[in-house]
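# Results of the structural survey
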Amino acid sequence: MEDQKVIYDNKTVKLFILATLVWGIVGVLVGIVIALQLRFPAFNFGLEFTTFGRVRPVHTNAIIFAFVGNAIFAGVYYSMQRLLKTRMFSDLLSKFHFWGWQLIIVLAAVTLLLGFTTSKEYAELEWPIDILIALVWVAFGVNMIGTTVIRRVQHIYAAIWWYIATFVGVAILHIVNSFELPISLFKSYSLYAGAQDAVVQWWYGHNAVAFFLTTPFLGLMYYYLPKAAERPIYSYKLSIIHFWSLIFLYMWAGPHHLLYQALPDWTQALGVTFSVMLIAPSWGGMINGLLTLRGAWDKVRDKAELKFLVVAVTAYGMSTFEGPMMSIKFVNQLTHFTDWTIAHVHIAGMAWNGGIVFGMLYWMVPKLFRTKLYSEKLANAHFWIATLGILIYAIPLYWSAITQWLMLREYTPEGFLAYPNFLETLTQILPMYTFRIIGGTMFLIGFFLMVFNLAKTMKAGSMVAQEEAYAPVLVELGARDPKKESMHRFLERRSVRFSVIAFIVLAIGGAVEIIPMTFVKSNVPTIEAVKPYTPLELAGRDLYVSEGCYNCHSQMVRPFRWETDRYGEYSKIGEFVYDHPFQWGSRRTGPDLARAGVIGGPMYKNAAWHYNHFMDPQKMNEQSIMPKYPWLAEKNIDLDIIPAKIRAMKKLGVPYPEGFDKIAVDDLKKQAAVIVADLKASGITADPGKQIIAMIAYMHKLGRDISTPAASDSANAPAKVVVESLPNTPADLTAGKEIFGKLCASCHGPEGKGLATFPNLTDDEWIHGNTPTDVVNTITNGYPVKGMLPFKNQLTEQQIKQVASFTLNGLKK
Amino acid sequence: MNIFYLLIGVSLFGALVFLVLFIWAVKDKQFDDDKTPPIRMLFDDEPAEEKENDTTEVK
């Protein structure tokens, strides 16, 4: 039979490759910037656009969707045309796909830095961009499935099954997670609230890992690894089994991001079970990849691309073992909210995704440009510097996670937290953050070597933009003959049917978890005392979202003694029913804030403290790594949008009274005046229209509704203990000094001379008296409303006496 | 907590369904032609005019 001429579109492949290189460098560079910010807060540059809270999402989005995304498309467009022996379905769609995707990336970077965010991790982009993503993604899907329809080979090779699952999976996830109610062009509220929002978000979040960072990469592995090794994939049987089981199981695993949190037990149990089961299909992929190299290991010695692919598949095996282990509830106590998760994702991201991309590029670019790689030596140098960089990045972070976890749960023999000040556990791990910067920089240096190497290769060779090839026409086999063809084999030549079945398999897991959470009321028991946010609190909450505070602060106290002692009462589902979106967070670089508004609780700080802390955190805690937020005191609260926000919340089911939107601004002003008066009493003059007032209002709302009123009046005040004399030996004073440095210095200054509005302890003015009885009682029970914390739950009676003694006798007058 | 009894039952049933499906698939030779597709994909990417120089070796 006469062969038909096929013209492959290499131009689009080249464009995607160039975009991969450009965005890869940007993404890694931004990663190094935020690593520097965590070590040296000065790298926040004092600008609102460059704080960690805003830049971190730029890093994650740039790496996942810009670097990895473009690499996937380059790999898919190259391999699909050759596997199916046809040009891509539509040149117009290819063009729209490429330029649309780049536009999304640029819009994402700009809007995230401007503070337009939904705060849902890896889905931070606001609704207009969400719509654009959906359009471009559908264009990609139509282009891809269209290509399978016009193919010239009978059966669709395994790599393409994974590409199809990627398209279908991401489409489902993106659409379901992006249901939001727009208020303006740049602001929307999630349709889901609290625990429901959390379940949907982490179903999305985990499966962004599955269907953006795993399935397309398994597809690429199934094509580029056999190609580079010149060996067929080890087992085609295994690829069938592990394909269907992996895409089915992944969709159930999301709730493992929410263990011990405010979520029904059955959801958590499902998440854990399916996460553990995921080892099997994941390792199916790893085994299939590694065993493909049987008899070809000598090639690994010579070719850098194979080295990268081998390390990638090995890292995939390690990460997919580690992930299920981290999903076991007990282990999750340690790994969640600490740097363990950060190390885990970077092993997977840098070694698995990075490795496949690098291996693919070193193989594909010379092929595309019909020449040899410019320098095999340079590629090997890239391999070693990148691999070492990954280790230097990740190992210190595992160390950091264990260190911080052990410190957070350490108790003194007297039964108090050994490190009650969260900052101590952070300063302990800061040296590890230096290693992270070094590791990341090495990875970037390797990246530059590759860009140079590939640029030289491209220059030396020449690409044929419209490459000619010949392939016989496809003779349609028609209906299945049950004797000659198995069902799966038949399905492999029915791409549309294949896609529909993949959709059904993918939809089950999410449906089983999300539908009952959203529609069965008993899953979200409400709490009578929990009231909707006032307009001022809501404005503050939206600022909290916009500044990306959730990137460092959780709002989720897990039911462990070492968390409830540190933060307060554990979090309950019913607290979050008005939270569009939820703000539980995923990493505690700073302390949890769920109980920041519980007067008398360990996390409470008064308005003056918050004011000073927002303005300059390092003034309050010298070693704090939080960025300064002085613009909060300069920028006005946007009053024009308040009524629209109240109406939107009402539409989402928040029970504001009828017509409340009309009086909302007045209500806001009234509450702001109270806070301004409170600040005035502490000697701070503030403008009631500024954003900082709204932030303070929001801080004081957190956890307040479920707390019991504190003993603020004398009738409820705890009985005074009479103290005759204080221990005065040098040993006592030394012990007192140590406690003072740990607990008191953050407000009263290291020498007790007072900070901002916190009183000087070395002068003759004593607000609550300076007899031993007065001082001991002040330290024991505090004056929470004024900002003095009670320390009776952190210190023994003896320790309180020691620190009182130090205060009266040890401080230099 | 009662929901767990239902969950255990549903899980066991689900597991059984998958086991039966798997045994059926193997017996029905769903996985049998596992040679041609992986080998065929190795041969298709050389530019047309360089076809003769293709020395790809498959053992």
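Quantities reported herein were computed from a predicted structural model and do not represent experimental measurements. (Residues numbered from 1 in each chain as written. Chains lettered and ligands numbered in written order. Predicted model: local features only at pLDDT ≥ 70, side-chain atom pairs only at ≥ 80, totals over all residues.)

Another aspect to go through is the overall build of chain B. When helices and strands are counted, chain B shows two helices and zero strands. Within chain B, the proportion of its 59 residues that are buried is 7%. (Helix = DSSP H or I, 4+ residues; strand = E, 2+ residues; numbered from the N terminus. Buried ≥ 20, exposed ≤ 12 C-beta atoms within 10 Å, placed from the backbone.)

Per the secondary structure count, chain A includes 28 helices and four strands. Compactness check: chain A gives a C-alpha radius of gyration of 29 Å against a globular reference of 28 Å for 813 residues, within 12% of the reference. Across its three principal directions, the C-alpha atoms of chain A cover 105 × 60 × 45 Å. Within chain A, the proportion of its 813 residues that are buried is 53%. Here the contacts in chain A between residues at least 6 apart in sequence split such that 82% fall between residues at least 24 apart. (Rg over C-alpha atoms; globule rule 2.2 N^0.38 Å. Contact = placed C-beta atoms within 7 Å.)

All names here are of chain B. Looking at chain B as a whole, its pLDDT mean stands at 73, while 66% of the residues score no less than 70. Every residue in residues 48–59 scores below 50 in pLDDT, and together they form 13 contacts with partners more than four places removed in sequence or on other chains. Scored as a whole, the predicted complex attains pTM 0.90, and scored at its interfaces, ipTM 0.71. (pLDDT = per-residue confidence, 0-100.)

When a protein is soluble and globular, its nonpolar side chains tend to lie buried together. Residue and element names in this part refer to chain A. Of all hydrophobic cores here, the largest spans 241 residues; its most connected members are Leu-309, Ala-312 and Met-695. When residues in this core are grouped by element, the largest group, 19 residues, is from helix 2 (residues 52–84). Apart from the residues lying within four places of it in its own chain, the contact partners of Ala-312 are Ala-351, Trp-352, Gly-355, Ile-356 and Gly-359. (Core = buried A, V, L, I, M, F, W, Y, C linked by C-beta atoms within 7 Å.)

Here the focus is helix 10 (residues 279–291) of chain A. Residue and element names in this part refer to chain A. Under the 1.5 Å per step criterion, the end-to-end length of helix 10 is 17 Å for 13 residues, consistent within 8% with the ideal 18 Å. Along helix 10, the positions that sit buried rather than exposed are Pro-281, Ser-282, Gly-284, Gly-285, Met-286, Asn-288 and Gly-289. Residues of helix 10 that are buried in the fold lie against helix 7 (215–229), helix 8 (236–250) and helix 12 (304–326). (Expected span 1.5 Å × (residues − 1).)

Residues and elements named next belong to chain A. Here the residue pair His-580 and Pro-581 is connected by a cis peptide bond, since its omega of -5° sits within 30 degrees of zero. Note on placement: Pro-581 falls in the loop between helix 20 (561–564) and helix 21 (607–615). Look at Tyr-122: it is not a glycine, yet its phi comes out positive at around 65°. Mapped onto the secondary structure, Tyr-122 falls in the loop between helix 3 (91–113) and helix 4 (127–149). Residue classification places Tyr-122 among the partly exposed positions, given that 19 C-beta atoms sit within 10 Å.

Here we take up the domain arrangement of chain A. For interface size, the figure often reported is the accessible area lost on association. Residues and elements named next belong to chain A. The assigned domain composition of chain A is domain 1 (3–470), domain 2 (535–706) and domain 3 (730–810). Averaged C-alpha coordinates put domain 1 and domain 3 at centres separated by 50 Å. Its residues placed into classes, the side of domain 1 that touches domain 3 shows three nonpolar, one polar and two charged. (Domains from an automatic or database assignment. Nonpolar A, V, L, I, M, F, W, Y, C, P; charged D, E, K, R; others polar.)

Residues and elements named next belong to chain A. Closest axis-to-axis distance for the helix 8/helix 18 (residues 495–519) pair is 6 Å, and the angle between their directions is 40°. For the pair helix 8 and helix 18, the contacting residues are Trp-244, Ile-247 and Phe-248 in the first and Ala-502, Val-505, Leu-506 and Ile-508 in the second. Here the contact of helix 8 with helix 18 is composed, by residue class, of seven nonpolar, no polar and no charged. (Axes fitted to C-alpha atoms, helices over the stretch in contact; angles between N-to-C directions.)

Residues and elements named next belong to chain A. Take Ala-804: it is sitting in helix 28 (residues 797–810). Considering only alpha carbons, one finds Ala-804 and Phe-740, 64 residues apart in sequence, at a separation of 9.1 Å. Once you skip the residues sitting within four places of it in the chain, Ala-804 turns out to touch Leu-726, Pro-772, Val-775, Val-776 and Ile-779.

All names here are of chain A. Axis separation between helix 27 (residues 772–781) and helix 28 bottoms out at 9 Å; the angle between their running directions is 120°. Classed by the angle they form, the pair helix 27 and helix 28 counts as oblique. Taken as a pair, helix 27 and helix 28 cross one another with a handedness that is right-handed. Of helix 28, the residues touching helix 27 (which contributes Pro-772, Val-775, Val-776, Ile-779 and Thr-780) are Ile-800, Lys-801, Val-803, Ala-804, Thr-807 and Leu-808. (Parallel < 35°, antiparallel > 145°, perpendicular 65-115°, else oblique. Left-handed = near helix turned anticlockwise from the far one by under 90°.)

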